Amino acid sequence: MNILNLLKVSINAVASNKMRSFLSMLGIIIGVAAVIAMMSIGQGSKESIRKELSAMGTNLLTIRPGADQGPGGVRQDPSAMQTLKAADYERILAEKKFVQYVSPEVSASGQVVYGNSNTSASIYGETPEYLDIKQWTVEEGVCFTEEDIHKSAKVCVIGTTIVSELFGDNVDPLGKTIRFKSIPLRVVGVLKSKGYNSWGMDQDNVIIAPYTCVMKRIAAQTYFSSIICSALTEELSDNAIEELTQILRQSHKIKDESGDSDDFTIRSQAEMMQTMSSTMDTVTLILGIAAGFSLLIAGIGIMNIMLVSVTERTKEIGLRMAVGATGLVISVQFLIESIIISVTGGIFGVLLGIGASNFVLPIFGMPSSVPSWSIFLSFGVCVAIGIIFGYIPARKAANMDPIEAIRHE
Amino acid sequence: MIDNNNNKDLVSSPDEEKREAKVVIELRDVKRYFQVGSETVKALRGISFKIYEGEFVTIQGTSGSGKSTLLNQLGCLDTPTSGEYYLDGVPVRKMSKNQRAHLRNRKIGFVFQNYNLLAKTTAVENVELPLMYNSKYTAKQRREAAIKALQAVGLGDRLEHKSNQMSGGQMQRVAIARALVNDPTILLADEATGNLDTRTSFEMLVLFQKLHAEGHTIIFVTHNPEIAEYSSRNINLRDGRIREDTLNPHIKSAAEALAALPKTQDD
Ligand SMILES: Nc1ncnc2c1ncn2[C@@H]1O[C@H](COP(=O)(O)OP(=O)(O)OP(=O)(O)O)[C@@H](O)[C@H]1O
Ligand SMILES: [Mg+2]
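Residues numbered from 1 in each chain as written. Chains lettered and ligands numbered in written order. Predicted model: local features only at pLDDT ≥ 70, side-chain atom pairs only at ≥ 80, totals over all residues. Heavy atoms only, no water.

Enquirer: I'd like to hear about the overall build of chain A, residue by residue, with values.
Expert: Broken down by element type, chain A carries 13 helices and 10 strands. Over its C-alpha trace chain A gives a radius of gyration of 32 Å, far above what one expects of a compact globule, namely 22 Å for 409 residues. When burial is assessed residue by residue, chain A has 48% of its 409 residues classed as buried. Sequence separation of at least 24 residues holds for 78% of the intrachain contacts in chain A that already meet a minimum separation of 6. (Helix = DSSP H or I, 4+ residues; strand = E, 2+ residues; numbered from the N terminus. Rg over C-alpha atoms; globule rule 2.2 N^0.38 Å. Buried < 20%, exposed > 50% of the residue type's maximum accessible area, 1.4 Å probe, protein only. Contact = heavy atoms within 4.5 Å.)

Enquirer: Now, about the overall build of chain B: what can you tell me, with residues and values included?
Expert: Regarding its fold elements, chain B presents seven helices and 10 strands. Radius of gyration (C-alpha) of chain B: 19 Å, near the 18 Å computed for a compact globule of 267 residues. With 267 residues in all, chain B has 53% of them scored as buried. Of the roughly 12400 Å² that chain B leaves accessible, carbon and sulfur atoms contribute 48%. When the 36 basic and 33 acidic side-chain charges of chain B are each reduced to a single mean position, those positions are 6 Å apart. (Areas by Shrake-Rupley, 256 points an atom, 1.4 Å probe, with all protein chains shown as cover. Lys, Arg positive; Asp, Glu negative; His and termini not counted. Charge placed at Lys NZ, Arg CZ, Asp CG, Glu CD.)

Enquirer: Describe the sheet that holds strand 3 (residues 56-61) of chain B, naming the residues involved and giving the relevant values.
Expert: All names here are of chain B. The six strands lie next to each other as 6-7-8-3-9-10, forming an open sheet whose pairing is mixed. The open sheet has two edge strands with one neighbour each: strand 6 (108-111) and strand 10 (241-247). Along the sheet, successive strands turn relative to each other by an average axial angle of 15°, direction set aside. Pairing of strand 3 with strand 9 (residues 233-238) involves five bridges; the strand directions are parallel. Considered in strand 9, the bridge of glycine 61 is made with leucine 237. Strands in contact with helix 5 (residues 168-180) are strand 6 and strand 7 (186-190); relative to strand 6, the strand with the most contacts, it is inclined by about 170°. (Pairing = 2+ DSSP bridges. Axes fitted to C-alpha atoms, helices over the stretch in contact; angles between N-to-C directions.)

Enquirer: Lay out the sheet that holds strand 4 (residues 82-87) of chain B in plain terms, naming residues and giving numbers.
Expert: Hydrogen bonds along the backbone pair up the strands of a sheet, which may run parallel or antiparallel. Residues and elements named next belong to chain B. Judged by pairing direction, the sheet is antiparallel, and its four strands sit side by side in the order 2-1-4-5 without closing on themselves. The strands lining the two open edges of the sheet, one partner per strand, are strand 2 (39-52) and strand 5 (90-91). In terms of strand pairing, strand 4 meets strand 5 through two bridges, oriented antiparallel. By the bridge assignment for strand 5, leucine 87 is matched with valine 90. Lying on the sheet, helix 1 (residues 67-74) is in contact with strand 1 (23-36), strand 2 and strand 4; it crosses strand 2 at an angle near 55°.

Enquirer: Please set out the site of ligand 1 residue by residue, giving values where relevant.
Expert: Around ligand 1, a shell composed of 15 residues is seen, among which Ser63(B), Lys67(B), Ser68(B), Thr69(B) and Gln113(B) lie nearest. Close to ligand 1, residues of chains A and B are found. Note that an oxygen atom of ligand 1 is positioned 2.8 Å from one of the backbone N or O atoms of Gly64(B). Note that an oxygen atom of ligand 1 is positioned 3.3 Å from one of the backbone N or O atoms of Ser65(B). Taking 630 Å² as the accessible area of ligand 1 by itself, protein coverage stands at 71%. (Near = heavy atom within 4 Å. Polar contact = N/O pair within 3.5 Å; in protein donor to acceptor, adjacent residues only side chain to side chain.)

Enquirer: Give a detailed account of the pattern of salt bridges, specifying residues and quantitative values.
Expert: One pass over the full model with this rule turns up 23 salt bridges over all chains. A salt bridge links Arg313(A) to Glu337(A), with the nearest nitrogen and oxygen atoms 2.8 Å apart. Remark: Glu337(A) occurs in helix 11 (residues 327-360) and Arg313(A) occurs in the loop between helix 9 (269-312) and helix 10 (314-322); sequence separation between them is 24 residues. Taking relative accessible area as the criterion, Arg313(A) reaches 14% and is therefore assigned buried. The shortest N-O distance in the salt bridge between Glu128(B) and Arg143(B) comes to 2.9 Å. In this pair, Glu128(B) sits in helix 3 (residues 123-132) while Arg143(B) sits in helix 4 (residues 139-152), placing the two residues 15 residues apart along the sequence. Taken together, the shared-partner salt bridges in this structure form one network comprising Arg313(A), Glu316(A), Arg320(A) and Glu337(A). (Salt bridge = Lys/Arg side-chain N within 4 Å of Asp/Glu carboxyl O.)

Enquirer: Help me get a handle on the packing of aromatic side chains, residues and values and all.
Expert: Residues and elements named next belong to chain A. In this structure the tally under the stated criterion is nine aromatic pairs over all chains. For the pair tyrosine 114 and phenylalanine 167, a centre-to-centre distance of 4.4 Å together with 45° between the ring planes defines the contact as tilted. Here tyrosine 114 is found in strand 2 (residues 99-114), whereas its partner phenylalanine 167 is found in the loop between helix 6 (160-166) and strand 6 (177-180), with 53 residues between them in sequence. With 5.6 Å between their ring centres and 80° between their planes, tyrosine 211 and phenylalanine 224 make a pair best called edge-to-face. Linking tyrosine 211 in helix 7 (residues 211-218) with phenylalanine 224 in the loop between helix 7 and strand 9 (226-231), this pair joins segments that are 13 residues apart in sequence. For tyrosine 211, a relative accessible area of 9% translates into the label buried. For phenylalanine 224, a relative accessible area of 0% translates into the label buried. Grouping aromatic residues by their ring pairs yields a cluster made of Tyr89, Tyr211 and Phe224. (Phe/Tyr/Trp six-rings, centres within 6.5 Å; stacked < 30°, edge-to-face > 60°.)

Enquirer: Tell me what's going on with the confidence of the model for chain A, and back it up with residues and numbers.
Expert: Within chain A, residue pLDDT values average 87, and 97% of them lie at 70 or more. Mean pLDDT across the elements of chain A ranges from a minimum in helix 1 (residues 3-15) of chain A, with 83, to a maximum in strand 5 (residues 155-158) of chain A, with 95. (pLDDT = per-residue confidence, 0-100.)

Enquirer: Quick one: what's the story with the confidence of the model for chain B, residue by residue and with numbers?
Expert: Residues and elements named next belong to chain B. Within chain B, residue pLDDT values average 89, and 91% of them lie at 70 or more. Scored below 50 in pLDDT, residues 1-12 makes 21 contacts in the model with residues more than four places away or belonging to other chains. Overall fold confidence (pTM) sits at 0.71, and the ipTM for the predicted complex is 0.89.

Enquirer: A description of the pairing of strand 2 of chain A should follow, citing residues and the corresponding values.
Expert: Within a regular strand, side chains alternate between the sheet's two faces. Residue and element names in this part refer to chain A. Sheet topology note: the strand 2/strand 9 ladder contains six bridges and is antiparallel. Residue proline 104 lies in a different strand from strand 9, and its bridge partner there is isoleucine 227. As judged from the nine bridges shared by strand 2 and strand 3 (residues 117-126), these two strands associate in the antiparallel manner. Looking across to strand 3, one finds that serine 109 is bridged to serine 122. The turn joining strand 2 and strand 3, which pair antiparallel and follow one another in sequence, is formed by two residues; a positive phi near 55° is taken by glycine 115. Sheet topology places strand 2 next to strand 6; two bridges connect them, and they run antiparallel. Bridge pairing in strand 6 links valine 113 to arginine 179.

Enquirer: How would you explain helix 5 of chain B if you had to name every residue and give the values?
Expert: With 13 residues, helix 5 of chain B extends 19 Å from end C-alpha to end C-alpha; this agrees with the ideal 18 Å at 1.5 Å per step. Of all 13 residues in helix 5 of chain B, 12 are buried; the element is thus mostly enclosed. Looking only at helix 5 of chain B, the buried set comprises Gly169(B), Gln170(B), Met171(B), Gln172(B), Arg173(B), Val174(B), Ala175(B), Ile176(B), Ala177(B), Arg178(B), Ala179(B) and Leu180(B). Tucked inside the fold, the buried residues of helix 5 of chain B contact helix 10 of chain A together with strand 6, helix 3, helix 4, strand 7 and helix 6 (198-213) of chain B. (Expected span 1.5 Å × (residues − 1).)

Quick look at the structure:
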């Protein structure tokens, strides 16, 4: 019996029991659609994060306190996180060649109040250069100045979310005084809106103030959370990292050239992007595996249906054997049947998954982009499910004794 | 070839003079017991005979005497509990499952007592079934052979009827057509005319006699003693043993008998 005949017989068998075939396909359809949707969320998030990170400036460099622990490293003791001081900043300013802009950063979060409105926000203590590094612009008013830094002036630039939360539509925020943790800050500028980032964080819910002000008056600390810099160009990022490393080692009196005893970590945006993307890959994988389990269950469903089908068709199997079908041919027939169910289910699942990714996920503001490999993967998995879970029922059919099978009622 | 002269345990065969012909089937003390719960049903209690190429053998016997069980052995569908079955000189017991399947497909045509047609399947598809497992046939050849076989049993106008849209007699004829379609050398029929009216059963008998004349070996289980008059040999079973094995010196012509039947109005 050639494979074409077998295919015909199997298709007939699947088609003659439409409802049952459809129900056993349903598991596969949902499973595959779920896998594709998950992959698409993963891929979509990765792409949007990538876009965002590169929009922030690919020449961005971040210096953090503490030794390099790699992504997800162990927590270090608090004193190790207090290594970036004003002296470091001054030294960088004095000696920088490949570094363009520098801004120490001190951040805090809490309630911000104006009149009887209040909202929670993060405050970032920076220098005006921070806006250049981040490629942010002030839309109304001005940014605070070097002078303000010098005087630890109680001034700030705020994002549009803060404006709408505290002032509403009718009040001009410029010149008004808001209170962050009871410290009064005069609004001198409003940032251009940036919207949400892919983590779902509102980038307009920020207050930027002179770092000296935040450090002394709000956070009450003598060290920086980090120092943000930009290299002259993206290509010079490595030179800039080297330069900053040397400066900080001198400043911290570290003789060791290997980097093992460094008490700071410098990351470039490119590295960040890599870390992000590998983190997202892990997340995607976990999502995919979770969805994959539903495929496993669907496979068991197919096996169940096929076992019922084999038992129901015992007489037919016996007859086919009596007229010359070998066990192999019978088992291939049932195997093809289960593959037809799983692959047809897979096709509908892929369509449903693509549909959901393109039309449903965007409604909920989820980033999505179906990676083409996920389609091929799903197909492969469906064929595998058909074979693996069709095997036991097929073997059961093949091992039947023709005369016993024919007598089966 | 099995030398049949030194088989002393054979029931004395009535056709010793036919030694020159080829032995297609030889049973030697075949027993078939079934275990039903704690009880042993002895369906065949030691059957020995030879069937020569081109014989038309009818097997008779009371219900439960073991006719179907015997036919299943001959059709390579079942294996004896003890004893040997040689088909064309080859012991069936030693054949692999696949070899037996191949034999059933190419050499043997089997008409089941209860037809065993595929449900919800058309007559022509039912008849095509054995050829589906023969890669020598193309789809077109298969269809042609099936139509030819159905025409031979007088169902040329019922090709696309499904098995549940046919009468018992029609289903029986589809089953006969299916057994004929692979042009088997051995045709085994279990009550192949049991459900047919006199006229149609004579038509089938004419067909079997024609196949016999063409050289096919036919083994035909029947309850109707009259049919034995149209075969060349009759084996009578009782209680799983051969009671009688006789040659028929005066084979009647089914075609003549059919012509002599009064014409019926209801067609
Ligand atoms: N698979 C089986 N399991 C148990 N007993 C069986 C089985 N097949 C046949 N038998 C028994 O073997 C005996 C012979 O059965 P068989 O079907 O060969 O009779 P038969 O001569 O064909 O009868 P009928 O003329 O009614 O068709 C019966 O007693 C039957 O009950
Ligand atoms: Mg019987």
